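The residues making up each chain are set out below.
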Amino acid sequence: MQLSTYLKIYPCQDQPGMNIVYSTVRSSVVLLPDDLLEAARRGTLPDEERGTLASLGILTPDREGEREQMLKIFDIPRPDTPFSAIVLLNLDCNLACPYCYEASFRGKEYMSGETAALLVETIRRERIEKGQPVKLTFYGGEPLLSPDLIRAIAAPLKEGAQKLGVAFSFSLVTNGTLLNRASAEELAALGLSGAKITIDGPAELHNKSRPYLSGNGSYEAIMRNVIDIFDIVPLQLGGNFTQGNYRDFPRMLDDLLARGIDPARVGAMLFAPVVPKAGERAVTDFNTDCACSYEPWLIEAGIFLREETLKRGFPAPKPKLSVCMVELENSLVINIDGSYYKCPAFIAYPELRIGSLTEGIADYMKSHSMDIWKRDECLECAYLPICFGGCRQLTLLRNGKINEVDCRREYYDTVLERVIRQDLEYQRTKP
Ligand code: SF4
Ligand code: SF4
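These lines cover the structure that appears in this document, whether it is placed above or below. Because the structure is predicted, anything quoted here is derived from the model rather than measured.

## Quick word on the sheet that holds strand 4 (residues 28–33)
Strand order in the open sheet made by the three strands is 2-3-4, with antiparallel pairing throughout. Looking along the sheet, the strands with just one partner apiece sit at the ends: strand 2 (7–11) and strand 4. Each neighbouring strand pair of the sheet contributes to a mean axis angle of 25°, computed without reference to strand direction. Bridge count for strand 3 (residues 18–23) against strand 4 is six bridges, and the pairing is antiparallel.

Shown next, in the form of structure tokens:
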């Protein structure tokens, strides 16, 4: 048995002689004294400790084999791996957020009834009838401007899946203004399993960055809806911050608590910086699946907001094995015209279209640089399981093409230890 390649080891400053050992493959953490860590390095651990550390992914039978496994990690999806599709229902919105990256192609464009019917037929034939579970994410624009399309897609898929004993569910990425209790109840009956709602900080900040088309603020309407539905739909809440306003965001958390929301019933609280438009420096936040931060202020902002979230009892996502959906064979984006992409941000790049409901899926190995992380530098990197070459969109924004990894080594060097320590601290102090 050898120490896994995919470990980070941090000496404990407050407990001399102890080390935090973190597996990036399993997200497991153990505290190991120097002597046991040395024995693990030499392969001389007693049986019991060896078994425990192997079960936590800290030890591996052989590093060569572990590297081989990593190379093939996305090659053969398990038969029960769900088909996940982000379905764009429209490019329309009832808000006018100044930072919206879709602003350049926003308009009164909606998926047609024929495309929705074709989508249902395709998913039924290619997935459900083959026994594959299906998870859709309705996206826009604002997906709740298309309630009829949601019904037209979800109802027949749910019925077809139920008949065959296959799981079907869907979630929404929504601005939250239209998700009131009545619509949440109706959609829950059709398979709604979660909603991601954006709240950009306390009222005065949110209303500036997420106004209605009329210019009026949307904060009150969204907050009312959140309070009305959090007991029937698992919610992921959180918004987009800037360098100038992130320190005020905790007041939004306080407002949620003051309005009686139970933090333990919120699915996750996750903040991300405003995503830059093409040509600007590329940044997003830690540990979304689309994660990265390069600027020191962003690292501080991410850690600060995570701390304030945990302090108030809201769940914050933990670092975990995660990968860009581009890597996952069973993940697709379906645009309003039925064309296929591998990331919602790619619909602005016609050269990254990979097929359609009528044509099927084309080979995208080359156009999306699928093997970009299969090189020694990444395979020997402890961060590989939480990185896999990073975000292709960010490389695209930086270089105009997907021609290199979006390396996060510097970022993780600065941030991962602090995040692990945060989690250990909040686990320890949990009532
Ligand atoms: S390319 Fe980037 S933004 Fe797109 S799915 Fe992958 S990680 Fe997310
Ligand atoms: S891109 Fe950088 S951080 Fe990511 S696995 Fe490769 S070397 Fe490590």
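Okay, back to it.
## Some words on the packing of helix 10 (residues 296–311) against helix 13 (residues 409–428)
The relative placement of two packed helices is expressed as an angle between their axes plus a distance between the axes. It is at 11 Å that the axes of helix 10 and helix 13 come closest, and there the two elements cross at 10°. For the element pair helix 10 / helix 13, the angle class is roughly parallel. Along its contact with helix 10, which presents I299, G302, I303, R306, E307 and L310, the element helix 13 presents Y411, T414, V415, R418, V419, Q422 and Y426. In the contact of helix 10 with helix 13, the residues fall into seven nonpolar, three polar and three charged.

## Comments concerning the environment of T395
Residue placement: T395 occurs in helix 12 (residues 392–399). The class for T395 is buried, based on 21 C-beta atoms found within 10 Å. Remark: the alpha-carbon pair of T395 and V405, spanning 10 residues in sequence, is separated by 7.0 Å. With residues up to four places along the chain from it excluded, the contact list for T395 reads I402, N403, E404 and D406.

## Examining the sheet that holds strand 6 (residues 83–88)
On the basis of which strands lie adjacent, the open sheet formed by 10 strands has the order 12-10-9-8-7-6-14-15-16-17 and mixed pairing. The open sheet has two free edges, formed respectively by strand 12 (268–269) and strand 17 (360–361), since each of these has just one partner strand.

## Side note on the site of ligand 2
Surrounding ligand 2, one finds 13 residues, the nearest of these being C378, C381, C387, V405 and C407. For the shell around ligand 2, the per-class residue count stands at eight nonpolar, two polar and three charged.

## Details of the packing of helix 4 (residues 113–126) against helix 5 (residues 147–164)
Contact pair helix 4 / helix 5: the axes reach a minimum separation of 10 Å and the direction vectors enclose 20°. On the basis of the axis angle, helix 4 is roughly parallel to helix 5. Relative to helix 5, the crossing made by helix 4 is right-handed. Residue-level inspection shows G113, A116, L119, V120, I123 and R124 of helix 4 in contact with helix 5, the latter providing L149, A152, I153, P156, L157 and G160. Looking at the contact of helix 4 with helix 5, its residues break down into nine nonpolar, two polar and one charged.

## Things to note about the environment of C93
Structurally, the position occupied by C93 is in the loop between strand 6 and helix 4. According to the C-beta neighbour criterion, C93 is buried, with 20 such atoms within 10 Å. Between the alpha carbons of C93 and L145 there is a distance of 7.3 Å; along the sequence they are 52 residues apart.

## Concerning unusual backbone geometry
With an omega of 10°, the peptide bond between G140 and G141 qualifies as cis. Along the polypeptide, G141 turns up in the loop between strand 7 (134–139) and helix 5. Positive phi values are uncommon outside glycine, yet S369 reaches one of about 50°. One can find S369 in the loop between strand 17 and helix 11 (376–379). Taking the C-beta count within 10 Å as the criterion, S369 has 18 such neighbours and is therefore assigned partly exposed.

Cut-off values and rules
Along each chain, numbering runs from 1 in the same order as the chain's sequence is written. Note on labels: chains are lettered from A, ligands numbered from 1, in written order. A pLDDT threshold of at least 70 governs which residues receive local features in this predicted model, and a stricter bar of 80 or more applies before side-chain atom pairs are shown or counted, although totals over entire chains, interfaces and linings include all residues. Strand pairing requires that DSSP identify at least two bridges connecting the strands. Secondary structure elements follow DSSP: runs of H or I no shorter than four residues count as helices, runs of E no shorter than two count as strands, and numbering proceeds from the N terminus. As a rule, the C-alpha atoms of each element are fitted with a line to give its axis, helices using only the stretch in contact, and angles between N-to-C directions run from 0 to 180 degrees. Our angle categories are set so that under 35 degrees counts as roughly parallel, over 145 as roughly antiparallel, 65 to 115 as roughly perpendicular, and the remainder as oblique. Placing C-beta atoms from the backbone, we regard two residues as in contact once those atoms come within 7 Å. Charged means Asp, Glu, Lys or Arg here, nonpolar means Ala, Val, Leu, Ile, Met, Phe, Trp, Tyr, Cys or Pro, and polar covers whatever is left, Gly included. Exposure in this text rests on C-beta crowding, where 20 or more other C-beta atoms within 10 Å of a residue's own make it buried, 12 or fewer make it exposed, and counts in between make it partly exposed. The C-beta atoms are placed from the backbone. Any residue qualifies as near a molecule or strand once its backbone-derived C-beta atom lies within 6 Å of it. Left-handed is the label given to a crossing in which the near helix is rotated counterclockwise from the far helix by less than a right angle, and right-handed is the label when the rotation is clockwise.

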